[in-house]
Amino acid sequence: MSINLLVAQCDPRPAALPEADLQPWLAKVPGWQLVKSDDMPPALEAHFGFDNFYQTMAFVNAVADIAHGQDHHPDMIVSYGACTLRLWTHAVNALSVNDFICAAQISALPESGA
Ligand SMILES: C[C@H](O)[C@H](O)[C@H]1CNC2=NC(N)=NC(=O)C2=N1
């Protein structure tokens, strides 16, 4: 739990985090929420707003860079001035530390507008 999410590398063999253990991890990624629905595994979701499509796409491309480097890829919904991201760990059909690593690194992007 003393991991520095901003410099961590995703584990290629991730373990599912038990749902009962998620709260301290969620506290480390402000702006990201736990979302659950019947037809989806639990996921981390965040919404980012921008002034225009150029800024939105600059963010999307910066996210793609992180996803490529981490081999961990969010679902993205992209519109003119906004992007919603959803992360979970497909391999375990749950959240793992990898999702929190990517969430923290995405939020820290200069392109995130934060
Ligand atoms: C084989 C490859 O490493 C896996 O499919 C990676 C790719 N990207 C991924 N992205 C996400 N979000 N979760 C995963 O479990 C995942 N697994």
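In case you missed it, the structure is sitting above this.
Computed from a prediction, not measured in an experiment: that's the story for all the values here.

## Considering the environment of A94
Move 1: Within the element layout of this structure, A94 appears in the loop between β4 (82–87) and α3 (97–107).
Move 2: The sequence separation of A94 and A67 amounts to 27 residues, and the corresponding C-alpha distance is 18 Å.
Move 3: Apart from residues no more than four positions distant in its own chain, A94 is found in contact with A16, P41, P42, W88, T89 and D99.

## A look at the sheet that holds strand β1 (residues 33–37)
Whether parallel or antiparallel, the strands of a sheet pair through hydrogen bonds between backbone atoms.
Move 1: Reading across the sheet, the 4 strands line up as β1-β2-β4-β3 and stay open at both edges, with antiparallel pairing between neighbours. A strand with exactly one partner marks an edge of an open sheet, and here the two such strands are β1 and β3 (75–79). Going across the sheet, the axis of each strand differs from the next one's by a mean of 25°, ignoring polarity.
Move 2: Of the pairings in the sheet, the one linking strand β2 (residues 40–49) to β4 comprises 6 bridges and is antiparallel in character. Bridged to F48 within β4 is C83.
Move 3: Along the sheet face, helix α2 (residues 53–70) touches β2, β3 and β4 and points at about 165° away from the line of β3.
Move 4: Across the sheet, α3 is in contact with β2 and β4; its angle to β2 comes to roughly 5°.

## Notes on the nonpolar core
Move 1: Grouped together as the largest cluster of nonpolar side chains are 32 residues, with contacts concentrated most on W32, L44, F48, F59, L85, F100 and I106.
Move 2: Listing elements by their share of this core, those giving two or more residues are α1 (22–26), β2, α2, β4 and α3.
Move 3: The leading source of residues in this core is α3, at 6 residues.

Thresholds applied
Residues numbered from 1 in each chain as written. Predicted model: local features only at pLDDT ≥ 70, side-chain atom pairs only at ≥ 80, totals over all residues. Heavy atoms only, no water. Helix = DSSP H or I, 4+ residues; strand = E, 2+ residues; numbered from the N terminus. Contact = heavy atoms within 4.5 Å. Pairing = 2+ DSSP bridges. Axes fitted to C-alpha atoms, helices over the stretch in contact; angles between N-to-C directions. Core = buried A, V, L, I, M, F, W, Y, C linked by side-chain atoms within 4.5 Å. Buried < 20%, exposed > 50% of the residue type's maximum accessible area, 1.4 Å probe, protein only.

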